[in-house]
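Single-letter residue listing:
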Amino acid sequence: MTKIYWQVLDEARRVAAEGEKEWEKVISIQARFSPTVLAKVKAESKIEKFPFVFMNGYQSWTWSPWMHARAEIRGVAHIPSFLEKKYAFSSYGDYSFVHYPKKPGHLHGVSYCAFSHSLNDDQIDLYASLDESDGYTFFSYDADAGILRLEKDRAKKTDGGEVTLFQLFHAHGKRQEVYQQWFRAMGFSVKEQPHIYGYSSWYNRYQHINEKTIMDDLCGCDALFEKEDLFQIDDGWERKVGDWQADETKFPGGMRRMADCIHEHGYTAGLWLAPFAAEKNSRLSQEHPDWFLRNPDGSLWQAGGNWNGFYGLDIDRKPVQEYVRETFKTVFEQWRFDLVKLDFLYAAAPFADLDDSRGAKMHRAMELLADCCKGHAVIGCGVPLALAFGHTAYCRIGCDVSFRFDDVWYMRMFHRERNSTWHSIMNTIARFPLDGLAFGNDPDVFFLRDENLHLRKEDKLDLARLDALFGHVHLLSDPIQTYTEEKKKIYKEMRALSSAAVLSYELLNKGIQVTYMLEKKKETMVLFAAHRLWL
(Lines give C-alpha, C1' and ligand atoms only; values in the text may rest on other atoms or scores of the structure.)
Protein backbone atom coordinates (compact mmCIF):
# COMPACT_ATOMS: atom_id res chain seq x y z
CA MET A 1 0.00 0.00 0.00
CA THR A 2 1.03 3.61 -0.53
CA LYS A 3 2.47 5.31 2.53
CA ILE A 4 2.37 8.88 3.71
CA TYR A 5 5.46 10.25 5.47
CA TRP A 6 4.96 13.14 7.87
CA GLN A 7 7.27 15.45 9.76
CA VAL A 8 7.03 18.34 12.23
CA LEU A 9 9.76 20.95 12.62
CA ASP A 10 10.18 23.21 15.64
CA GLU A 11 11.22 26.89 15.67
CA ALA A 12 14.88 25.99 15.24
CA ARG A 13 13.91 23.87 12.21
CA ARG A 14 14.79 20.70 14.13
CA VAL A 15 12.67 17.59 13.68
CA ALA A 16 10.20 17.54 16.57
CA ALA A 17 8.35 14.44 15.39
CA GLU A 18 8.07 12.28 12.31
CA GLY A 19 6.58 9.04 11.15
CA GLU A 20 4.82 7.17 8.41
CA LYS A 21 1.40 5.70 7.90
CA GLU A 22 -0.33 3.65 5.26
CA TRP A 23 -3.01 5.43 3.29
CA GLU A 24 -6.49 4.25 4.16
CA LYS A 25 -9.80 5.81 3.25
CA VAL A 26 -9.69 7.86 6.45
CA ILE A 27 -6.51 8.53 8.42
CA SER A 28 -5.70 10.74 11.38
CA ILE A 29 -2.08 11.66 11.99
CA GLN A 30 -1.31 12.57 15.59
CA ALA A 31 1.81 13.04 17.69
CA ARG A 32 2.67 13.86 21.29
CA PHE A 33 4.78 16.91 22.10
CA SER A 34 6.28 18.78 25.02
CA PRO A 35 5.39 22.49 25.08
CA THR A 36 6.84 23.89 21.85
CA VAL A 37 6.10 25.69 18.60
CA LEU A 38 5.25 23.48 15.65
CA ALA A 39 6.88 25.67 13.00
CA LYS A 40 6.08 23.44 10.03
CA VAL A 41 3.69 20.50 9.73
CA LYS A 42 4.15 18.67 6.46
CA ALA A 43 3.74 15.30 4.78
CA GLU A 44 4.38 13.67 1.44
CA SER A 45 3.38 10.54 -0.42
CA LYS A 46 4.62 9.00 -3.65
CA ILE A 47 1.50 8.36 -5.68
CA GLU A 48 1.02 7.56 -9.34
CA LYS A 49 2.19 9.84 -12.14
CA PHE A 50 -1.22 10.98 -13.25
CA PRO A 51 -1.59 12.85 -16.55
CA PHE A 52 -4.53 15.00 -15.38
CA VAL A 53 -4.95 16.93 -12.15
CA PHE A 54 -7.57 19.05 -10.40
CA MET A 55 -6.37 21.33 -7.59
CA ASN A 56 -9.05 23.21 -5.70
CA GLY A 57 -8.22 26.92 -5.67
CA TYR A 58 -8.17 29.12 -2.60
CA GLN A 59 -11.65 30.64 -2.84
CA SER A 60 -14.82 30.76 -4.95
CA TRP A 61 -13.35 32.88 -7.73
CA THR A 62 -9.94 31.20 -7.98
CA TRP A 63 -9.45 29.59 -11.39
CA SER A 64 -9.51 25.84 -10.69
CA PRO A 65 -9.77 23.86 -13.94
CA TRP A 66 -8.86 20.31 -14.68
CA MET A 67 -5.25 20.56 -15.88
CA HIS A 68 -2.67 18.52 -17.70
CA ALA A 69 -0.13 17.50 -15.07
CA ARG A 70 2.55 19.52 -16.90
CA ALA A 71 0.53 22.74 -16.72
CA GLU A 72 1.70 25.77 -14.76
CA ILE A 73 -0.26 27.86 -12.24
CA ARG A 74 0.70 31.51 -12.45
CA GLY A 75 0.79 33.78 -9.43
CA VAL A 76 0.97 37.58 -9.32
CA ALA A 77 4.72 38.19 -9.18
CA HIS A 78 4.65 39.33 -12.83
CA ILE A 79 2.24 42.21 -12.08
CA PRO A 80 4.00 45.61 -11.86
CA SER A 81 4.38 46.76 -8.26
CA PHE A 82 2.51 50.04 -8.80
CA LEU A 83 -0.56 48.10 -9.95
CA GLU A 84 -0.28 45.66 -7.06
CA LYS A 85 -0.06 48.57 -4.63
CA LYS A 86 -3.19 50.18 -6.06
CA TYR A 87 -5.36 47.12 -6.64
CA ALA A 88 -3.99 44.61 -4.09
CA PHE A 89 -4.32 41.65 -6.47
CA SER A 90 -2.42 39.42 -4.04
CA SER A 91 -5.13 39.84 -1.39
CA TYR A 92 -7.78 37.98 -3.40
CA GLY A 93 -5.97 34.65 -3.32
CA ASP A 94 -3.23 32.63 -1.63
CA TYR A 95 -0.33 34.52 -3.24
CA SER A 96 1.16 35.93 -0.04
CA PHE A 97 1.37 32.62 1.83
CA VAL A 98 1.72 29.88 -0.81
CA HIS A 99 4.83 29.40 -2.96
CA TYR A 100 4.32 29.62 -6.72
CA PRO A 101 7.35 27.85 -8.24
CA LYS A 102 6.85 29.22 -11.81
CA LYS A 103 7.57 25.75 -13.12
CA PRO A 104 5.40 23.44 -15.26
CA GLY A 105 4.25 20.32 -13.47
CA HIS A 106 4.25 21.87 -10.00
CA LEU A 107 0.61 22.39 -9.09
CA HIS A 108 -1.03 23.32 -5.80
CA GLY A 109 -4.44 23.72 -4.19
CA VAL A 110 -6.24 23.79 -0.87
CA SER A 111 -8.54 21.40 1.02
CA TYR A 112 -8.87 18.78 -1.72
CA CYS A 113 -7.51 17.63 -5.07
CA ALA A 114 -8.24 14.93 -7.62
CA PHE A 115 -6.29 12.94 -10.21
CA SER A 116 -7.32 11.03 -13.32
CA HIS A 117 -5.78 9.03 -16.15
CA SER A 118 -8.21 10.47 -18.69
CA LEU A 119 -10.48 13.49 -19.02
CA ASN A 120 -13.21 11.32 -20.51
CA ASP A 121 -13.17 8.81 -17.68
CA ASP A 122 -15.11 9.31 -14.43
CA GLN A 123 -12.59 7.25 -12.43
CA ILE A 124 -10.60 9.50 -10.09
CA ASP A 125 -8.36 9.46 -7.05
CA LEU A 126 -9.51 12.01 -4.49
CA TYR A 127 -7.23 13.28 -1.72
CA ALA A 128 -8.87 15.61 0.77
CA SER A 129 -8.85 17.10 4.24
CA LEU A 130 -11.59 16.08 6.63
CA ASP A 131 -11.42 19.20 8.78
CA GLU A 132 -10.16 22.68 7.86
CA SER A 133 -11.51 24.44 10.94
CA ASP A 134 -8.09 24.29 12.63
CA GLY A 135 -6.14 25.39 9.56
CA TYR A 136 -6.13 24.91 5.81
CA THR A 137 -4.46 21.89 4.28
CA PHE A 138 -2.38 22.82 1.23
CA PHE A 139 -1.75 20.14 -1.37
CA SER A 140 0.97 20.31 -4.02
CA TYR A 141 1.81 17.82 -6.76
CA ASP A 142 5.17 17.25 -8.43
CA ALA A 143 4.20 15.66 -11.74
CA ASP A 144 7.74 14.59 -12.65
CA ALA A 145 8.24 12.69 -9.40
CA GLY A 146 4.62 11.65 -8.83
CA ILE A 147 4.80 13.05 -5.29
CA LEU A 148 1.88 14.62 -3.43
CA ARG A 149 2.94 17.02 -0.66
CA LEU A 150 0.78 18.40 2.14
CA GLU A 151 1.33 21.25 4.56
CA LYS A 152 -0.79 22.99 7.19
CA ASP A 153 -1.16 26.72 6.71
CA ARG A 154 0.62 28.02 9.81
CA ALA A 155 3.00 27.51 12.67
CA LYS A 156 1.28 26.37 15.85
CA LYS A 157 2.07 26.78 19.52
CA THR A 158 1.22 23.79 21.72
CA ASP A 159 1.20 23.53 25.50
CA GLY A 160 2.11 19.87 25.16
CA GLY A 161 0.20 16.64 24.86
CA GLU A 162 -1.27 14.91 21.84
CA VAL A 163 -1.84 17.07 18.75
CA THR A 164 -3.80 16.14 15.64
CA LEU A 165 -1.67 17.13 12.65
CA PHE A 166 -3.77 15.96 9.70
CA GLN A 167 -7.18 14.38 9.18
CA LEU A 168 -7.24 13.03 5.66
CA PHE A 169 -9.33 11.12 3.16
CA HIS A 170 -8.36 9.14 0.08
CA ALA A 171 -10.46 7.04 -2.25
CA HIS A 172 -10.38 5.74 -5.80
CA GLY A 173 -13.48 5.10 -7.86
CA LYS A 174 -16.28 6.73 -9.81
CA ARG A 175 -16.18 10.47 -9.42
CA GLN A 176 -19.51 11.10 -7.76
CA GLU A 177 -19.30 8.03 -5.52
CA VAL A 178 -15.88 9.11 -4.25
CA TYR A 179 -17.13 12.61 -3.40
CA GLN A 180 -20.13 11.12 -1.61
CA GLN A 181 -17.77 8.95 0.47
CA TRP A 182 -15.71 12.04 1.36
CA PHE A 183 -18.74 13.94 2.62
CA ARG A 184 -19.94 10.94 4.62
CA ALA A 185 -16.48 10.71 6.20
CA MET A 186 -16.76 14.39 7.19
CA GLY A 187 -20.12 13.66 8.81
CA PHE A 188 -22.23 15.69 6.40
CA SER A 189 -25.69 14.40 5.66
CA VAL A 190 -26.98 15.31 2.23
CA LYS A 191 -29.69 17.93 2.45
CA GLU A 192 -31.08 18.61 -0.99
CA GLN A 193 -31.61 22.31 -1.56
CA PRO A 194 -34.32 23.54 -3.91
CA HIS A 195 -33.18 25.13 -7.15
CA ILE A 196 -33.25 28.93 -7.23
CA TYR A 197 -34.53 30.72 -10.32
CA GLY A 198 -34.77 34.44 -10.81
CA TYR A 199 -33.02 37.75 -11.41
CA SER A 200 -29.95 39.63 -10.17
CA SER A 201 -29.50 43.32 -10.86
CA TRP A 202 -25.69 43.17 -11.05
CA TYR A 203 -24.76 42.36 -14.65
CA ASN A 204 -27.63 44.42 -16.00
CA ARG A 205 -26.88 47.66 -14.16
CA TYR A 206 -23.90 47.11 -11.83
CA GLN A 207 -24.00 49.81 -9.11
CA HIS A 208 -26.17 52.11 -11.23
CA ILE A 209 -29.43 51.15 -9.58
CA ASN A 210 -32.15 53.16 -7.89
CA GLU A 211 -35.76 52.78 -6.89
CA LYS A 212 -37.02 53.41 -10.42
CA THR A 213 -34.66 50.98 -12.17
CA ILE A 214 -35.42 48.26 -9.64
CA MET A 215 -39.17 48.78 -10.05
CA ASP A 216 -38.80 48.69 -13.86
CA ASP A 217 -36.89 45.42 -13.67
CA LEU A 218 -39.29 44.00 -11.12
CA CYS A 219 -42.29 44.67 -13.34
CA GLY A 220 -40.40 43.22 -16.30
CA CYS A 221 -39.86 39.96 -14.41
CA ASP A 222 -43.60 39.37 -14.21
CA ALA A 223 -43.62 38.35 -17.87
CA LEU A 224 -41.21 35.47 -17.22
CA PHE A 225 -40.79 34.29 -13.66
CA GLU A 226 -42.91 32.18 -11.34
CA LYS A 227 -44.10 32.83 -7.80
CA GLU A 228 -41.37 32.53 -5.15
CA ASP A 229 -38.58 32.98 -7.70
CA LEU A 230 -35.75 35.20 -6.49
CA PHE A 231 -35.44 38.91 -7.19
CA GLN A 232 -32.03 39.94 -5.87
CA ILE A 233 -30.91 43.53 -5.43
CA ASP A 234 -27.16 43.48 -5.83
CA ASP A 235 -24.42 46.00 -4.98
CA GLY A 236 -25.35 49.67 -5.35
CA TRP A 237 -28.23 50.04 -2.87
CA GLU A 238 -26.00 50.96 0.11
CA ARG A 239 -24.41 54.30 1.02
CA LYS A 240 -20.96 52.73 0.92
CA VAL A 241 -19.75 49.17 1.24
CA GLY A 242 -19.52 48.76 4.99
CA ASP A 243 -22.17 51.42 5.65
CA TRP A 244 -25.20 49.17 5.37
CA GLN A 245 -27.95 51.76 5.19
CA ALA A 246 -29.91 52.57 2.06
CA ASP A 247 -28.57 55.39 -0.10
CA GLU A 248 -31.49 57.81 0.32
CA THR A 249 -30.66 59.63 -2.92
CA LYS A 250 -31.26 56.39 -4.84
CA PHE A 251 -33.78 54.65 -2.59
CA PRO A 252 -35.78 57.41 -0.86
CA GLY A 253 -38.42 54.90 0.24
CA GLY A 254 -35.79 52.71 1.94
CA MET A 255 -35.09 48.99 1.62
CA ARG A 256 -38.21 47.86 3.49
CA ARG A 257 -40.24 49.38 0.67
CA MET A 258 -38.15 47.47 -1.88
CA ALA A 259 -38.62 44.16 -0.07
CA ASP A 260 -42.36 44.82 0.25
CA CYS A 261 -42.62 45.53 -3.48
CA ILE A 262 -40.77 42.32 -4.31
CA HIS A 263 -43.13 40.37 -2.04
CA GLU A 264 -46.17 42.04 -3.59
CA HIS A 265 -45.04 40.65 -6.94
CA GLY A 266 -44.88 37.20 -5.36
CA TYR A 267 -41.08 36.82 -5.36
CA THR A 268 -38.46 35.94 -2.79
CA ALA A 269 -36.59 39.11 -1.81
CA GLY A 270 -32.80 38.86 -1.95
CA LEU A 271 -30.14 41.39 -0.98
CA TRP A 272 -26.38 41.56 -1.59
CA LEU A 273 -23.92 42.42 1.20
CA ALA A 274 -20.18 42.12 1.83
CA PRO A 275 -20.34 41.78 5.63
CA PHE A 276 -16.58 41.67 6.30
CA ALA A 277 -15.61 44.50 3.93
CA ALA A 278 -15.66 48.30 4.04
CA GLU A 279 -14.59 50.84 1.45
CA LYS A 280 -11.63 53.02 2.32
CA ASN A 281 -13.85 56.11 2.26
CA SER A 282 -16.76 54.54 4.13
CA ARG A 283 -17.95 56.11 7.33
CA LEU A 284 -17.26 52.83 9.13
CA SER A 285 -13.57 52.73 8.22
CA GLN A 286 -13.10 56.41 9.04
CA GLU A 287 -14.84 56.27 12.42
CA HIS A 288 -13.58 52.85 13.54
CA PRO A 289 -10.10 52.24 12.09
CA ASP A 290 -9.38 49.97 15.07
CA TRP A 291 -12.00 47.50 13.80
CA PHE A 292 -9.93 46.50 10.78
CA LEU A 293 -7.20 43.97 10.07
CA ARG A 294 -3.67 45.29 9.91
CA ASN A 295 -0.44 44.25 8.25
CA PRO A 296 2.54 43.24 10.42
CA ASP A 297 3.86 46.82 10.09
CA GLY A 298 0.65 48.21 11.60
CA SER A 299 -0.82 49.62 8.38
CA LEU A 300 -4.36 48.74 7.36
CA TRP A 301 -4.54 45.62 5.20
CA GLN A 302 -6.15 46.30 1.82
CA ALA A 303 -8.42 43.38 0.94
CA GLY A 304 -8.70 44.27 -2.75
CA GLY A 305 -9.09 47.02 -5.31
CA ASN A 306 -12.88 47.10 -5.68
CA TRP A 307 -14.59 50.42 -4.86
CA ASN A 308 -11.19 52.19 -5.05
CA GLY A 309 -9.91 49.88 -2.34
CA PHE A 310 -11.43 48.25 0.73
CA TYR A 311 -10.41 46.87 4.11
CA GLY A 312 -11.27 43.66 5.96
CA LEU A 313 -13.02 43.69 9.34
CA ASP A 314 -11.45 41.89 12.31
CA ILE A 315 -14.28 39.54 13.24
CA ASP A 316 -12.71 38.63 16.59
CA ARG A 317 -13.42 42.11 17.95
CA LYS A 318 -16.65 42.25 19.96
CA PRO A 319 -17.82 45.59 18.48
CA VAL A 320 -17.37 44.12 14.98
CA GLN A 321 -19.43 41.07 15.86
CA GLU A 322 -22.15 43.31 17.29
CA TYR A 323 -22.08 45.47 14.16
CA VAL A 324 -22.43 42.43 11.90
CA ARG A 325 -25.29 41.04 14.01
CA GLU A 326 -27.13 44.38 13.99
CA THR A 327 -26.73 44.61 10.22
CA PHE A 328 -28.40 41.25 9.66
CA LYS A 329 -31.07 42.00 12.24
CA THR A 330 -31.97 45.09 10.21
CA VAL A 331 -31.93 43.20 6.90
CA PHE A 332 -34.13 40.35 8.10
CA GLU A 333 -36.34 41.82 10.83
CA GLN A 334 -36.81 45.44 9.79
CA TRP A 335 -36.48 45.24 6.02
CA ARG A 336 -37.89 41.69 5.71
CA PHE A 337 -35.53 40.30 3.09
CA ASP A 338 -35.67 36.50 2.74
CA LEU A 339 -32.25 35.64 1.28
CA VAL A 340 -28.82 37.22 1.31
CA LYS A 341 -25.91 36.89 -1.06
CA LEU A 342 -22.77 37.38 1.05
CA ASP A 343 -19.72 38.40 -0.94
CA PHE A 344 -15.96 38.97 -0.46
CA LEU A 345 -15.99 36.67 2.57
CA TYR A 346 -12.30 35.76 2.22
CA ALA A 347 -11.53 39.25 3.63
CA ALA A 348 -12.13 37.97 7.17
CA ALA A 349 -9.02 35.78 7.41
CA PRO A 350 -5.83 36.71 5.53
CA PHE A 351 -3.34 36.16 8.36
CA ALA A 352 -2.09 33.38 10.63
CA ASP A 353 -0.02 33.49 13.81
CA LEU A 354 1.16 31.09 16.53
CA ASP A 355 -2.23 31.13 18.26
CA ASP A 356 -4.50 31.15 15.25
CA SER A 357 -4.75 29.91 11.68
CA ARG A 358 -6.43 31.35 8.62
CA GLY A 359 -8.73 28.35 8.50
CA ALA A 360 -9.72 28.69 12.15
CA LYS A 361 -10.48 32.39 11.76
CA MET A 362 -12.46 31.79 8.56
CA HIS A 363 -14.37 29.06 10.38
CA ARG A 364 -15.31 31.50 13.14
CA ALA A 365 -16.39 34.04 10.55
CA MET A 366 -18.66 31.50 8.85
CA GLU A 367 -20.06 30.39 12.21
CA LEU A 368 -20.92 34.02 12.94
CA LEU A 369 -22.74 34.37 9.61
CA ALA A 370 -24.58 31.08 10.05
CA ASP A 371 -25.82 32.26 13.44
CA CYS A 372 -26.83 35.69 12.12
CA CYS A 373 -28.67 34.22 9.13
CA LYS A 374 -30.37 31.32 10.89
CA GLY A 375 -33.64 30.50 9.14
CA HIS A 376 -32.67 32.35 5.95
CA ALA A 377 -31.06 31.11 2.76
CA VAL A 378 -27.50 32.27 2.12
CA ILE A 379 -25.54 32.33 -1.13
CA GLY A 380 -21.85 32.47 -0.21
CA CYS A 381 -19.37 34.11 -2.57
CA GLY A 382 -15.67 34.87 -2.55
CA VAL A 383 -15.19 32.29 0.20
CA PRO A 384 -12.72 29.42 0.75
CA LEU A 385 -15.05 26.58 -0.21
CA ALA A 386 -14.33 24.04 2.52
CA LEU A 387 -15.24 26.64 5.15
CA ALA A 388 -18.61 27.15 3.45
CA PHE A 389 -19.44 23.44 3.85
CA GLY A 390 -22.33 23.23 6.31
CA HIS A 391 -22.57 27.02 6.61
CA THR A 392 -24.23 28.19 3.39
CA ALA A 393 -27.11 26.60 1.54
CA TYR A 394 -25.68 27.80 -1.78
CA CYS A 395 -22.23 28.91 -2.85
CA ARG A 396 -20.54 30.45 -5.86
CA ILE A 397 -18.00 28.03 -7.27
CA GLY A 398 -16.38 30.25 -9.90
CA CYS A 399 -15.42 33.80 -10.76
CA ASP A 400 -17.77 36.44 -12.16
CA VAL A 401 -18.70 35.87 -15.78
CA SER A 402 -17.54 38.49 -18.28
CA PHE A 403 -19.26 40.13 -21.24
CA ARG A 404 -16.52 38.70 -23.48
CA PHE A 405 -15.64 35.01 -23.36
CA ASP A 406 -12.32 35.67 -21.62
CA ASP A 407 -12.78 39.37 -20.79
CA VAL A 408 -10.65 42.10 -22.40
CA TRP A 409 -7.01 41.36 -23.21
CA TYR A 410 -5.35 43.40 -20.47
CA MET A 411 -7.37 41.73 -17.70
CA ARG A 412 -5.81 38.40 -18.68
CA MET A 413 -2.52 39.67 -17.25
CA PHE A 414 -3.77 39.67 -13.70
CA HIS A 415 -4.82 37.31 -10.92
CA ARG A 416 -6.58 33.93 -10.96
CA GLU A 417 -9.70 35.48 -9.41
CA ARG A 418 -10.40 37.87 -12.33
CA ASN A 419 -13.68 38.02 -14.27
CA SER A 420 -13.86 35.51 -17.13
CA THR A 421 -16.73 33.51 -18.61
CA TRP A 422 -14.18 30.94 -19.80
CA HIS A 423 -12.71 30.50 -16.31
CA SER A 424 -16.18 30.40 -14.77
CA ILE A 425 -17.20 27.57 -17.11
CA MET A 426 -14.11 25.52 -16.21
CA ASN A 427 -14.80 25.97 -12.49
CA THR A 428 -18.45 25.01 -12.97
CA ILE A 429 -17.28 21.72 -14.49
CA ALA A 430 -14.38 20.95 -12.13
CA ARG A 431 -16.33 21.75 -8.95
CA PHE A 432 -19.60 20.17 -10.10
CA PRO A 433 -19.16 17.13 -7.78
CA LEU A 434 -19.79 19.44 -4.80
CA ASP A 435 -23.30 20.26 -6.04
CA GLY A 436 -25.92 18.81 -3.73
CA LEU A 437 -23.28 17.56 -1.27
CA ALA A 438 -21.54 20.67 0.07
CA PHE A 439 -24.26 23.12 -0.97
CA GLY A 440 -26.20 24.03 -4.08
CA ASN A 441 -23.62 25.22 -6.61
CA ASP A 442 -24.00 28.77 -7.94
CA PRO A 443 -22.27 28.97 -11.35
CA ASP A 444 -23.12 32.71 -11.67
CA VAL A 445 -25.63 34.22 -14.07
CA PHE A 446 -26.36 33.47 -17.71
CA PHE A 447 -27.50 35.85 -20.43
CA LEU A 448 -30.05 35.73 -23.22
CA ARG A 449 -29.88 39.40 -24.21
CA ASP A 450 -28.16 40.66 -27.35
CA GLU A 451 -27.20 44.19 -26.29
CA ASN A 452 -24.22 45.07 -24.06
CA LEU A 453 -22.74 41.61 -24.57
CA HIS A 454 -19.92 40.21 -26.70
CA LEU A 455 -20.57 36.47 -26.47
CA ARG A 456 -21.22 34.39 -29.55
CA LYS A 457 -24.84 33.24 -29.72
CA GLU A 458 -23.90 29.57 -29.29
CA ASP A 459 -21.61 30.34 -26.34
CA LYS A 460 -24.41 32.33 -24.71
CA LEU A 461 -26.85 29.43 -25.11
CA ASP A 462 -24.26 26.85 -24.00
CA LEU A 463 -23.58 28.91 -20.85
CA ALA A 464 -27.30 28.75 -20.07
CA ARG A 465 -27.37 24.99 -20.76
CA LEU A 466 -24.32 24.29 -18.59
CA ASP A 467 -25.73 26.37 -15.73
CA ALA A 468 -29.03 24.50 -16.00
CA LEU A 469 -27.36 21.08 -15.88
CA PHE A 470 -24.50 21.76 -13.45
CA GLY A 471 -25.93 24.25 -10.97
CA HIS A 472 -28.60 24.90 -8.35
CA VAL A 473 -28.79 28.67 -8.79
CA HIS A 474 -30.12 29.87 -12.15
CA LEU A 475 -30.21 33.65 -12.34
CA LEU A 476 -30.62 35.98 -15.27
CA SER A 477 -29.20 39.49 -15.27
CA ASP A 478 -30.89 40.89 -18.36
CA PRO A 479 -33.45 43.65 -18.93
CA ILE A 480 -36.24 41.10 -19.07
CA GLN A 481 -38.83 43.72 -20.01
CA THR A 482 -37.15 43.79 -23.45
CA TYR A 483 -37.41 40.02 -24.05
CA THR A 484 -39.04 38.83 -27.24
CA GLU A 485 -41.33 35.82 -27.26
CA GLU A 486 -38.44 33.80 -28.67
CA LYS A 487 -36.23 34.67 -25.70
CA LYS A 488 -38.99 33.80 -23.26
CA LYS A 489 -39.34 30.43 -24.99
CA ILE A 490 -35.57 29.79 -24.72
CA TYR A 491 -35.65 30.65 -21.02
CA LYS A 492 -38.46 28.17 -20.37
CA GLU A 493 -36.49 25.47 -22.18
CA MET A 494 -33.43 26.20 -20.02
CA ARG A 495 -35.54 26.12 -16.89
CA ALA A 496 -36.95 22.73 -17.86
CA LEU A 497 -33.42 21.46 -18.54
CA SER A 498 -32.44 22.25 -14.92
CA SER A 499 -34.58 19.34 -13.74
CA ALA A 500 -32.42 16.87 -15.69
CA ALA A 501 -30.16 14.38 -13.90
CA VAL A 502 -26.59 14.39 -15.22
CA LEU A 503 -25.48 10.80 -15.81
CA SER A 504 -21.94 11.43 -17.07
CA TYR A 505 -19.73 14.05 -18.68
CA GLU A 506 -16.47 13.99 -20.59
CA LEU A 507 -14.05 16.81 -21.26
CA LEU A 508 -13.09 16.64 -24.93
CA ASN A 509 -10.13 18.20 -26.70
CA LYS A 510 -12.60 21.02 -27.24
CA GLY A 511 -15.89 21.24 -25.41
CA ILE A 512 -17.65 18.96 -22.97
CA GLN A 513 -20.01 16.07 -23.72
CA VAL A 514 -22.83 15.72 -21.21
CA THR A 515 -25.22 12.79 -20.95
CA TYR A 516 -28.36 13.34 -18.88
CA MET A 517 -31.83 12.00 -18.19
CA LEU A 518 -34.79 14.33 -18.70
CA GLU A 519 -38.39 13.19 -18.44
CA LYS A 520 -37.29 9.54 -18.60
CA LYS A 521 -35.40 10.18 -21.83
CA LYS A 522 -31.62 9.86 -22.13
CA GLU A 523 -29.98 12.70 -24.03
CA THR A 524 -26.40 13.68 -24.96
CA MET A 525 -25.13 17.07 -26.01
CA VAL A 526 -21.77 18.71 -26.63
CA LEU A 527 -21.32 22.20 -25.21
CA PHE A 528 -18.68 24.82 -26.10
CA ALA A 529 -17.39 22.79 -29.06
CA ALA A 530 -15.15 25.70 -30.10
CA HIS A 531 -13.33 25.99 -26.78
CA ARG A 532 -10.91 23.91 -24.75
CA LEU A 533 -12.21 23.65 -21.19
CA TRP A 534 -9.11 22.33 -19.45
CA LEU A 535 -5.65 23.78 -19.01
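Scoring rules and cut-offs
Residues numbered from 1 in each chain as written. Predicted model: local features only at pLDDT ≥ 70, side-chain atom pairs only at ≥ 80, totals over all residues. Heavy atoms only, no water. Helix = DSSP H or I, 4+ residues; strand = E, 2+ residues; numbered from the N terminus. Rg over C-alpha atoms; globule rule 2.2 N^0.38 Å. Buried < 20%, exposed > 50% of the residue type's maximum accessible area, 1.4 Å probe, protein only. Pairing = 2+ DSSP bridges. Axes fitted to C-alpha atoms, helices over the stretch in contact; angles between N-to-C directions. 1 Å grid on protein atoms, 1.4 Å probe; cavity = no way out; pocket = protein on both sides within 12 Å on 5 of 7 lines; lining within 4 Å. Points joined across faces, edges and corners; volume = space filled by probe spheres on them. Nonpolar A, V, L, I, M, F, W, Y, C, P; charged D, E, K, R; others polar. Polar contact = N/O pair within 3.5 Å; in protein donor to acceptor, adjacent residues only side chain to side chain. Contact = heavy atoms within 4.5 Å. Expected span 1.5 Å × (residues − 1). Core = buried A, V, L, I, M, F, W, Y, C linked by side-chain atoms within 4.5 Å. Parallel < 35°, antiparallel > 145°, perpendicular 65-115°, else oblique. Left-handed = near helix turned anticlockwise from the far one by under 90°.

**Overview of the overall build of the protein**
Helix and strand counts for the protein come out as twelve helices and 30 strands. Taken over C-alpha atoms, the radius of gyration comes to 23 Å for the protein, in line with the 24 Å a tight globule of 535 residues would show. For the protein, the spread of C-alpha atoms along the three principal axes comes to 65 × 60 × 45 Å. Counting only residues that meet the buried cut, the protein has 61% of its 535 residues in that class.

**Some thoughts on the sheet that holds strand β2 (residues 15–22)**
Taking strand neighbours across the sheet as the criterion, the six strands line up as β2-β1-β5-β12-β11-β8 in an open arrangement whose pairing is antiparallel. The open sheet terminates on both sides in strands that have one partner only, identified here as β2 and β8 (106–110). Averaged over all neighbouring strand pairs, the angle between strand axes comes to 15 degrees, with direction disregarded.

**Looking at the layout of surface pockets**
Counted as a void, the largest pocket has a volume near 1,000 Å³. Along the walls of the largest pocket sit 36 residues, with Trp-202, Asn-306, Asp-400, Met-411 and Asn-419 positioned nearest its centre. Of all the elements in the fold, those that place two or more residues in the lining of the largest pocket are α1 (81–87) and α3 (202–205). Here the lining of the largest pocket is composed, by residue class, of 16 nonpolar, nine polar and eleven charged.

**Quick look at the sheet that holds strand β21 (residues 302–304)**
Read across the open sheet, the three strands follow the order β20-β22-β21; overall the sheet is antiparallel. Of all the strands in the sheet, just β20 (277–279) and β21 have a single pairing partner and so form its edges. Across the sheet, the mean angle from the axis of one strand to that of its neighbour is 50 degrees, orientation sign disregarded.

**Digging into the side chain of Arg-396**
Tracing the chain through its elements places Arg-396 in strand β25 (residues 394–396). Since its relative accessible area comes to 1%, Arg-396 is described here as buried. At 2.9 Å, the side chain of Arg-396 and the side chain of Asp-400 are in polar contact. At 3.2 Å, the side chain of Arg-396 forms a polar contact with the side chain of Asp-444. Those residues within four positions of Arg-396 in sequence are excluded, and the remaining contacts are Ser-60, Trp-61, Tyr-203, Lys-341, Gly-380, Cys-381, Leu-385, Asp-442, Pro-443 and Asp-444.

**Things to note about helix α7 (residues 318–334)**
Look at α7: 23 Å from first C-alpha to last across 17 residues, which is about the 24 Å you get at 1.5 Å a residue. Listing the buried residues of α7 in full gives Val-320, Tyr-323, Val-324, Thr-327, Phe-328, Thr-330, Val-331 and Phe-332. Where α7 is buried, its residues contact β18 (243–246), β19 (268–273), α6 (283–287), β23 (339–342) and α8 (358–372). Once α7 ends, the next one or two residues include Arg-336, with phi positive near 70 degrees.

**Observations concerning the nonpolar core**
In terms of nonpolar packing, the biggest core is built from 154 residues, with Trp-182, Ile-233 and Trp-237 touching the most fellow members. Tallying contributions element by element places helix α11 (residues 457–470) first for this core, with seven residues. Setting aside its immediate chain neighbours within four residues, Trp-237 contacts Ile-209, Trp-244, Gln-245, Ala-246, Asp-247, Phe-251, Met-255, Leu-271, Trp-272, Leu-273 and Trp-335. Counting 40 residues, the second largest nonpolar core, distinct from the first, contains Ile-27, Phe-33, Ile-47 and Tyr-127.

**What about the packing of α11 against helix α12 (residues 485–497)?**
Between α11 and α12, the least distance of the axes is 8 Å, while the angle of their chain directions is 30 degrees. One element, α11, and the other, α12, form an angle in the roughly parallel class. Where α11 crosses over α12, the two elements pack in a sense that is right-handed. Taken together, the residues of α12 that come into contact with α11 (itself represented by Leu-461, Ala-464, Arg-465, Ala-468 and Leu-469) are Ile-490, Met-494 and Leu-497. In terms of residue class, the contact of α11 with α12 is made up of seven nonpolar, no polar and one charged.

**A closer look at the pairing of strand β6 (residues 52–55)**
Neither face of β6 is open: one carries Phe-52 and Phe-54, the other Val-53 and Met-55, and all of them are buried. Both β6 and strand β7 (residues 66–68) contribute to a ladder of three bridges, which runs antiparallel. Considered in β7, the bridge of Phe-52 is made with His-68. Here β6 pairs with strand β9 (residues 112–116) via four bridges, running antiparallel. When the sheet's bridge partners are listed, Phe-52 is paired in β9 with Ser-116.

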